[in-house]
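In case you want the letters, here they are:
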Amino acid sequence: MTSKIKYIFVTGGVTSSLGKGIIAASLAKLLQGQGYRVTIQKLDPYINVDPGTLNPYEHGECYVTEDGAETDLDLGHYERFLNVPTSQANNVTTGRIYQSVIQKERRGEFLGKTVQVVPHITDEIKRRVQLLGQSEDYDIVITEIGGTVGDIESLPYIEAVRQLRWDLGEDNGLVIHLTLVPYLSAAGELKTKPTQHSVKTLMESGVQADILVCRTEHDLPKDLRRKLALFCNVKEEAVIQSIDASTIYDVPNLMLDEGLDKVVLKKLGLKSTVPDISIWNKFVHRHKNPKSEVTIGLIGKYVELQDSYKSILEAFIHAGAENEVKVKIESIHSEYLNDENIKLKLGHLDGVLVAPGFGERGIEGKITAVKFVRENNIPFLGICLGMQMAVIEFARNVIGIANANSKEMDADTPNPVIDLMEEQKTITEKGGTMRLGAWSCELTQDSIAGKVYKEDVIKERHRHRYEFNSNYKPQMEAAGMLATGLNPDTGLVEIVEIPSHPWFVGVQYHPEYKSTVANPHPLFVAFVKAALSNRKK
Ligand code: GLN
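Residues numbered from 1 in each chain as written. Predicted model: local features only at pLDDT ≥ 70, side-chain atom pairs only at ≥ 80, totals over all residues. Heavy atoms only, no water.

Student: What is the right way to read the overall build of the protein chain from this model?
Tutor: Each helix and strand in the protein chain was counted, giving 18 helices and 23 strands. On C-alpha atoms alone, the protein chain measures out to a radius of gyration of 25 Å, which is about the 24 Å that the 2.2 N^0.38 rule sets for 537 residues. Principal-axis analysis of the C-alpha atoms places the extent of the protein chain at approximately 75 × 60 × 45 Å. Relative to its 537 residues, the protein chain shows a buried fraction of 57%. Sequence-distant contacts in the protein chain: of pairs separated by 6 or more residues, those separated by 24 or more amount to 73%. For the protein chain, the computed accessible surface area is about 22,600 Å², with 50% contributed by carbon and sulfur atoms. Charged side chains in the protein chain number 61 positive and 71 negative. The centres of these two groups are separated by 4 Å. (Helix = DSSP H or I, 4+ residues; strand = E, 2+ residues; numbered from the N terminus. Rg over C-alpha atoms; globule rule 2.2 N^0.38 Å. Buried < 20%, exposed > 50% of the residue type's maximum accessible area, 1.4 Å probe, protein only. Contact = heavy atoms within 4.5 Å. Areas by Shrake-Rupley, 256 points an atom, 1.4 Å probe, with all protein chains shown as cover. Lys, Arg positive; Asp, Glu negative; His and termini not counted. Charge placed at Lys NZ, Arg CZ, Asp CG, Glu CD.)

Structure below.
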């Protein structure tokens, strides 16, 4: 294998939401299947330093890496497809670029020069792109540029790509441009003009696309591909169709059929073989051929948004395939749940997951939901805020501490069963200051968690400020809610269970971030299994 690192840039044209992340991840999967070590990076043109401070309504889920970066949800796709962890270096925003350039300026490192977008901002972008290549862990770095070509805020990134292509040399970098070929039903035709325009816009910035990936609802006929090739300066074999798929997990095979990996490797001067993606294909087969079905309620306050619980939904797909069942998710808005309608809303479910979240809105509905599943023996998984709600519910309704609450919801509660973590008490800044990233957790052996993980110590990813208040632990345990996972250094409670219930688990961490196609998360697998046996009953 060549020691030179190759760079692939993925840009988007015509419209947003074409799925650059899925195309990047699918290509990476095919390259990985041929023995190449690949990583994917996302450059986001917005000014937030990271998406951690963004509301899910703005930007969907915030994904968290092992090393505690709060990132774009595309990094979740990268990990789920490749089964390789990402890190801080895999997601860079304009905010972060400017932050480091300005810090350098304040340190006097520019030696009296005027600091400008070109070269200083573009240099910093180039440095961040090449940082991953320098680690020597990868043969190929795929860099996905967020936004759409032509956006004002994308310009420095496109300029950095132009310079990098020049610096790297012919065979060491290429640009994939993802566009849309719309179908006009009134005319009964597929239209190439938007693609032509977006390729032209890219060229105005000095960047020639090497490969076009065209999102389409209908097959692209040969003459249309020829036309696109001719007008956009690409080879005909480099016009790749990306037709709408019923699942994102079909996309690697669709790209394989179109020969995307071959065109890429040829252009980069690398050897191409038939990729081995047998584990992937086995998963896809199981996913598409379930033997039975379970219905799981997902209770949250952003349920109307497809992207806000992305990793949870994907983890259920992995766990469903592992169990050979179709997991039907019923999204239930916690704000509208109350004692009167709870049976109607939850009574038919095989399992219930109470989602993570922040702030007061919808929490009483979550607590009502926990009470119902606890009393009715419905399998329950509570994640982060969901776990905290389970603790409050138990304290209120089983122990009888009527005013038990989280300090997040009621700063003056006399019974803070969920309290602000000690190290959080002096923190005033919001961005990047939560308890983040992977932390160790020691498991009680004969608990559900102990049996599910089959390990003494696990590492899971966190993103929170509040925590089970250990002062209440003796009381909670005496009443039947056990702490079955503890941080070995601080004693913080990371997992709670109710052994008298068939399957009741609350986790302070986010297991969903670590579920991948190759490694479905054991807790989700066990939860789906519990839901399945509940259904059979
Ligand atoms: N809001 C809670 C906390 O900060 C839970 C966070 C979450 O669900 N990710 O502790």
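Student: Just checking my understanding: could you explain helix α14 (residues 363-375) for this structure?
Tutor: Three- or four-residue spacings in an α-helix give side chains the same orientation, since the helix completes a turn every 3.6 residues. The end-to-end C-alpha separation of α14 is 18 Å, in line with the 18 Å expected for 13 residues at 1.5 Å each. With respect to burial, α14 is a largely interior element, 10 of its 13 residues being buried. Buried residues of α14: Ile 363, Gly 365, Lys 366, Ile 367, Thr 368, Ala 369, Val 370, Phe 372, Val 373 and Arg 374, and no others. Directly beyond the C-terminal end of α14, a positive phi value near 55° is found at Asn 377. (Expected span 1.5 Å × (residues − 1).)

Student: What should I look at first to understand unusual backbone geometry in this one?
Tutor: For residues that are not glycine, phi is negative in most cases, and the peptide bond is trans in most cases. Pro 119 follows Val 118 through a cis peptide bond whose omega is 10°. Relative to the assigned elements, Pro 119 resides in helix α5 (residues 117-134). Positive phi is not limited to glycine here, since Val 14 has a value of about 75°. Residue placement: Val 14 occurs in the loop between β1 (6-12) and α1 (20-32). Its identity is not glycine, yet Asn 233 carries a phi of approximately 60°, on the positive side.

Student: Is there a simple way to think about the site of the ligand in this case?
Tutor: What surrounds the ligand is the set Pro 356, Gly 357, Phe 358, Cys 384, Leu 385, Gln 388, Glu 408, Arg 463, His 464, Arg 465, Tyr 466 and His 510. Between the ligand and Gly 357 there is a distance of 2.9 Å, counted from an oxygen atom to a backbone nitrogen or oxygen. His 510 is positioned such that a nitrogen or oxygen atom in its side chain is 3.2 Å from a nitrogen atom of the ligand. Looking at the shell around the ligand, the elements with two or more residues in it are α15 (385-399) and β19 (457-464). Here the residues of the shell around the ligand are counted per class, giving five nonpolar, four polar and three charged. (Near = heavy atom within 4 Å. Polar contact = N/O pair within 3.5 Å; in protein donor to acceptor, adjacent residues only side chain to side chain. Nonpolar A, V, L, I, M, F, W, Y, C, P; charged D, E, K, R; others polar.)

Student: Sorry, what's going on with the pattern of salt bridges here?
Tutor: Opposite charge on two side chains makes pairing possible when the charged atoms of those side chains draw close. Applying the stated criterion across every chain yields a total of 41 salt bridges. With a closest N to O distance of 3.7 Å, Arg 96 and Asp 50 form a salt bridge. Of this pair, Arg 96 sits in helix α4 (residues 94-106) while Asp 50 sits in the loop between β2 (38-44) and α2 (56-59), and the two are 46 residues apart along the sequence. Its relative accessible area of 21% is what places Arg 96 among the partly exposed residues. Glu 494 is paired through a salt bridge with Arg 435; the nearest N and O atoms lie 2.7 Å apart. Of the two residues, Glu 494 sits in strand β22 (residues 493-497) while Arg 435 sits in strand β18 (residues 435-443), which places them 59 residues apart along the sequence. (Salt bridge = Lys/Arg side-chain N within 4 Å of Asp/Glu carboxyl O.)

Student: Help me understand the packing of helix α7 (residues 193-204) against helix α8 (residues 222-232), please; the structure alone is not making it clear to me.
Tutor: The relative placement of two packed helices comes down to the angle between their axes together with the axis-to-axis distance. At a minimum axis separation of 10 Å, α7 and α8 run at an interaxial angle of 25°. Taken together, the axes of α7 and α8 lie roughly parallel to each other. Two packed elements cross with a definite hand, and for α7 against α8 that hand is right-handed. Seen from α7, the contacting residues are Thr 195, Gln 196 and Val 199; seen from α8, they are Lys 227, Leu 228, Phe 231 and Cys 232. The class makeup of the residues in the contact of α7 with α8 is four nonpolar, two polar and one charged. (Axes fitted to C-alpha atoms, helices over the stretch in contact; angles between N-to-C directions. Parallel < 35°, antiparallel > 145°, perpendicular 65-115°, else oblique. Left-handed = near helix turned anticlockwise from the far one by under 90°.)

Student: Where do I start with the nonpolar core in this structure?
Tutor: One broad trend across soluble globular proteins is that nonpolar side chains are buried collectively. Counting 83 residues, the largest nonpolar core has Ile 8, Ile 142, Ile 176, Ile 211, Leu 260 and Val 264 as the members making the most contacts within it. Counting residues per element, this core draws most heavily on α1, which supplies eight residues. Sequence-distant contacts of Ile 176, defined by excluding residues within four places in its chain, comprise Ile 8, Phe 9, Val 10, Thr 11, Leu 27, Ile 211, Val 213, Leu 260 and Val 264. With 39 residues, the next largest nonpolar core counts Ile 342, Leu 349, Ile 392 and Ala 404 among its residues. (Core = buried A, V, L, I, M, F, W, Y, C linked by side-chain atoms within 4.5 Å.)

Student: Before we go on, may I ask you to explain the packing of α1 against helix α3 (residues 74-82) in this structure?
Tutor: With their axes 9 Å apart at the nearest point, α1 and α3 run at an angle of 25° to one another. The angle between α1 and α3 falls in the class roughly parallel. Note on packing geometry: the crossing formed by α1 with α3 is right-handed. Residues Gly 21, Ile 22, Ala 25, Ser 26, Ala 28, Lys 29 and Gln 32 of α1 touch α3, and the partners they reach there are Asp 74, His 77, Tyr 78, Phe 81 and Leu 82.

Student: Teacher, can you tell me more about the side chain of Asn 341 here?
Tutor: With respect to the secondary-structure elements, Asn 341 resides in the loop between β13 (325-333) and α13 (342-346). Relative accessible area serves as the criterion here: at 16%, Asn 341 is assigned to the buried category. Of the polar contacts made by the side chain of Asn 341, one reaches the backbone oxygen of Tyr 336; its length is 2.7 Å.

Student: I'm lost on the sheet that holds strand β10 (residues 211-216) in this one. Help?
Tutor: Spatially, seven strands are ordered β5-β2-β6-β1-β7-β10-β11 in an open sheet, and the strand pairing comes out parallel. A strand with exactly one partner marks an edge of an open sheet, and here the two such strands are β5 (91-93) and β11 (239-243). With strand direction ignored, the average angle separating the axes of adjacent strands in the sheet is 20°. (Pairing = 2+ DSSP bridges.)

Student: Which parts of the structure should I look at to understand the pairing of strand β6 (residues 140-145)?
Tutor: Two faces belong to every sheet, and in a regular strand the side chains alternate between them. Of all six residues in β6, six are buried; the element is thus mostly enclosed. A two-sided burial pattern is seen for β6, the buried positions comprising Ile 140, Ile 142 and Glu 144 on one face and Val 141, Thr 143 and Ile 145 on the other. For β1 and β6, the ladder comprises five bridges, and the chain directions are parallel. Pairing of Val 10 across the sheet is with Glu 144, part of β6. Relative to β6, β2 runs parallel, the two sharing six bridges. Residue pairing for β6: Thr 39 is matched across the bridge by Val 141.

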